[in-house]
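Observations on chain architecture
What follows is each chain in one-letter form.
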Protein chains: 2
Amino acid sequence: MTDRPAGSTSPKALNIAREVRRRIVEREWRQGERIPDEADLAIEFDAARATVNKALQLLADEGLLDRRRRAGTRVTVNPTRKATVSISIVREQVEQAGMAYSYRVVAQRRSPVPPDIAARLALPEGKLLVHMRAVHYGDGRPFQLEDRWINTCSAPGLEGVDFWQLNANEWLVQNAPYLHAELAFTAANADRREARLLQTRQGQALLIMQRTTWNDLGPITTVRVACQPGHLISTEGGYARSNWPAGETRTPDTP
Amino acid sequence: MTDRPAGSTSPKALNIAREVRRRIVEREWRQGERIPDEADLAIEFDAARATVNKALQLLADEGLLDRRRRAGTRVTVNPTRKATVSISIVREQVEQAGMAYSYRVVAQRRSPVPPDIAARLALPEGKLLVHMRAVHYGDGRPFQLEDRWINTCSAPGLEGVDFWQLNANEWLVQNAPYLHAELAFTAANADRREARLLQTRQGQALLIMQRTTWNDLGPITTVRVACQPGHLISTEGGYARSNWPAGETRTPDTP
DNA sequence: GAAGCCTCTATGTCTATACTTATCTTGCGC
DNA sequence: GCGCAAGATAAGTATAGACATAGAGGCTTC
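Just so it is clear, the model here is predicted, and its values are computed rather than measured. Within every chain, residues take consecutive numbers counted from 1 along the sequence as written. As a convention, the first chain written is A and the first ligand written is 1, with the rest following in written order. Local features in this predicted model are restricted to residues whose pLDDT is 70 or higher, and side-chain atom pairs enter the listing and the counts only when it is 80 or higher, whereas totals over whole chains, interfaces and linings include all residues. Hydrogen atoms and water are omitted, and side-chain values are computed over all heavy atoms in the structure.

**Points about the protein's contact with DNA strand D**
For this purpose, a residue is taken to be near a molecule or strand whenever a single non-hydrogen atom of the residue falls within 4 Å of it. Neighbouring residues of DNA strand D: 25 residues in total, closest K12(A), T51(A), R68(A), R49(B) and R67(B). The protein-proximal atoms of DNA strand D, defined as those within 4 Å of the protein, are 75% sugar or phosphate. Distance and chemistry together define a polar contact, namely a pair of N or O atoms within 3.5 Å, with one atom able to donate a hydrogen and the other to accept it when in protein, and with adjacent residues in sequence counting only for side-chain atoms on both sides. Residue A13(A) places a main-chain N or O atom 3.2 Å away from a phosphate oxygen belonging to DNA strand D. Between DNA strand D and the protein, one listed contact pairs a phosphate oxygen with a side-chain N or O atom of T51(A) at 2.6 Å. Secondary structure is summarised from DSSP: a helix means a run of H or I of at least four residues, a strand means a run of E of at least two, and numbering begins at the N terminus for each. Every element with two or more residues in the surface near DNA strand D is listed here: α1 (12-25) and α3 (49-62) of chain A together with α3 (49-62), β2 (65-68) and β3 (72-75) of chain B.

Written out as structure tokens, the structure is:
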């Protein structure tokens, strides 16, 4: 009898993963302990080994299991869990929040690259890159402030583009897909200019997002995004979207 | 002598993924375009369809491809790329940075839960939870400041634990695996107390990490971590860690 | 006992095949 | 022309079988 009352949408591998996860969380299988091997689990769950493999790989990716050839699979002792951040274009973020998007370029010029940026991009100091600063607005209020350096060598076709009118972020996303990216978060106090552009006070703590992308030609662009005060970047919990919070509390932004 | 000049580290599915990625990045297959179906690719790459499927699923997870049954696979128009943040226990972070770890509990008591925390945990306001504040040090200098609420109902066995001595973070990681987690980043100005504990000045911008975990019994714990000034949380670039710095750029015909 | 070799096992990966399922297309009846 | 049902198609998923390979553990040798 296939019970599917609680919405168990039945891809077999996922069911197996869920059951194994439950056994771990409920401590039937304890930290560091070795769990039955794939073949045994395949018998227990009446599935092919490949299916069990898929399930266990999933849990290993989540950081719950440690798998090694010949040694078998054991429950991770100090699980390093992973959370994923989705980076979409600003306009979509703003619009998804139900606000009207607008965009203003504050400055744009070719400029020799300063030492810190050069280091981050692994480019010779002083090389001429396109440097631009822009503000993204939601409903007319400043949402994000971006300070971007673009390496035209890695973005062919960019030469003729007029970023005073076009959104650099979107142009790059659509026209210069990357092979490698780095992303980092930090915090910084708003300086005088940032405070003015974001319409806040100097010294206000800002969430800073630094992002650099590369393709096979080299670095494409690096950008430092300063978010509006109180902005929250949240990650996707990952796997088990359960249903405890009866009222899915989508936390309102902090004032 | 294993000559693998072009770095083809052999798992066939990964090779296929890499090649498809290359075709996208090099714009052989353009944004929005439909790519050949799995069967055709299987023939082209001389692989089974399952293998091609695995490769394409990988790229879809990365956000590069959009796949729909019957409709086929197309290159994503506005790729929303994903980056993953690894959350390990603080001690490991500190030690990995080559510093000596220490830990000090600043306060711990049972306390009625304030409205904002109650909302976040979906618990009735005023319920008694364990509230604790602690500082993590690296080489004696403050590294992180944590403000944690623990729901003993969801963490059986916690009643008798003495967090004045034991590291709450580690105890929870090892003894209360979770099913669901949420993580968010924001920035805040250090208040008087935070400034003192982190040995910095009041108003200093701090990177804040908020993390809440649940298991099948309900919310386990929520913690607000304030990082030392200048702290950087970086994500794993993801898939293609390449080696441009003067590395072998598999240079195609560059226009 | 330490070092080195050997063997066997559990996972890693791939294949061929089959069936399921969503959804686009087509064609029929009106 | 319109609506709806039938068919076709591409991805989704599962399976049994096979071989590859890392590496733990035992064995031998010095």
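**Some details on the protein's contact with DNA strand C**
Lining the immediate environment of DNA strand C, one finds 24 residues, of which R49(A), R67(A), K12(B), T51(B) and R68(B) sit closest. Contacts to DNA strand C include R67(A), whose side-chain N or O atom sits 2.4 Å from a phosphate oxygen. In this structure, a base nitrogen belonging to DNA strand C sits 3.4 Å away from a side-chain N or O atom of R49(B). Under the scheme applied here, ten amino acids are nonpolar (Ala, Val, Leu, Ile, Met, Phe, Trp, Tyr, Cys and Pro), four are charged (Asp, Glu, Lys and Arg), and all others, including Gly, are polar. Taken together, the residues of the surface near DNA strand C break down into five nonpolar, five polar and 14 charged.

**Brief notes about the interface of chain B and chain A**
As a measure of interface size, the accessible area lost when the parts come together is often cited. Taken together, the contact pairs 62 residues of chain B with 62 residues of chain A. Both sides of the chain B and chain A interface together cover about 5400 Å² of buried area, and 55% of this is carbon and sulfur. Salt bridges, as used here, are contacts in which a Lys or Arg side-chain nitrogen is within 4 Å of a carboxyl oxygen on Asp or Glu. Run the count over chain B and chain A and you get zero salt bridges. Connecting chain B to chain A are 18 residue pairs in polar contact (both at pLDDT 80 or more). For the side of chain B that touches chain A, the secondary structure elements donating two or more residues are α1 (12-25), β4 (81-87), α6 (168-175), β8 (180-189), β9 (205-215) and β11 (233-234) of chain B. Looking at which element gives the most residues to the side of chain B that touches chain A, the answer is β8(B), with nine residues. We call two residues in contact when some of their heavy atoms are within 4.5 Å. Throughout, the accessible surface (probe 1.4 Å) given up by two parts as they are put together, summed over both, is called the buried area.

**Quick look at the packing of α1(A) against α3(A)**
Packed helices, taken two at a time, are described by the angle their axes make and the gap between the axes. All names here are of chain A. With axes taken as lines fitted to C-alpha atoms, and helix axes fitted only over the stretch in contact, angles between N-to-C directions fall between 0 and 180 degrees. At a minimum axis separation of 8 Å, α1 and α3 run at an interaxial angle of 50 degrees. Put simply, α1 runs oblique to α3. Helix-helix and strand crossings are classified by hand; for α1 and α3 the assignment is right-handed. Two secondary-structure elements touch here, α1 through K12, A13, L14, I16, A17, V20 and R21 and α3 through T51, V52, K54, A55, L56, L58, L59 and E62. In terms of residue class, the contact of α1 with α3 is built from ten nonpolar, one polar and four charged. In what follows, roughly perpendicular refers to angles from 65 to 115 degrees, roughly parallel to angles under 35, roughly antiparallel to angles over 145, and oblique to any angle outside these ranges. Helix crossings get a hand from a simple test, with the near helix turned counterclockwise from the far one by less than a right angle marking a left-handed crossing and a clockwise turn marking a right-handed one.

**Section: α6(B)**
Between buried and exposed lies partly exposed: a residue is buried under 20% and exposed over 50% of the maximum accessible area for its type, with that area taken using a 1.4 Å probe on protein chains only. Along α6(B), the residues classified as buried are A168(B), N169(B), E170(B), W171(B) and L172(B). Tucked into the core, α6(B) has its buried residues touching α4 (90-96), β5 (101-112), β6 (128-138), β7 (141-150) and β10 (218-227) of chain B.

In short, shape yes, function no, at least from these values alone.
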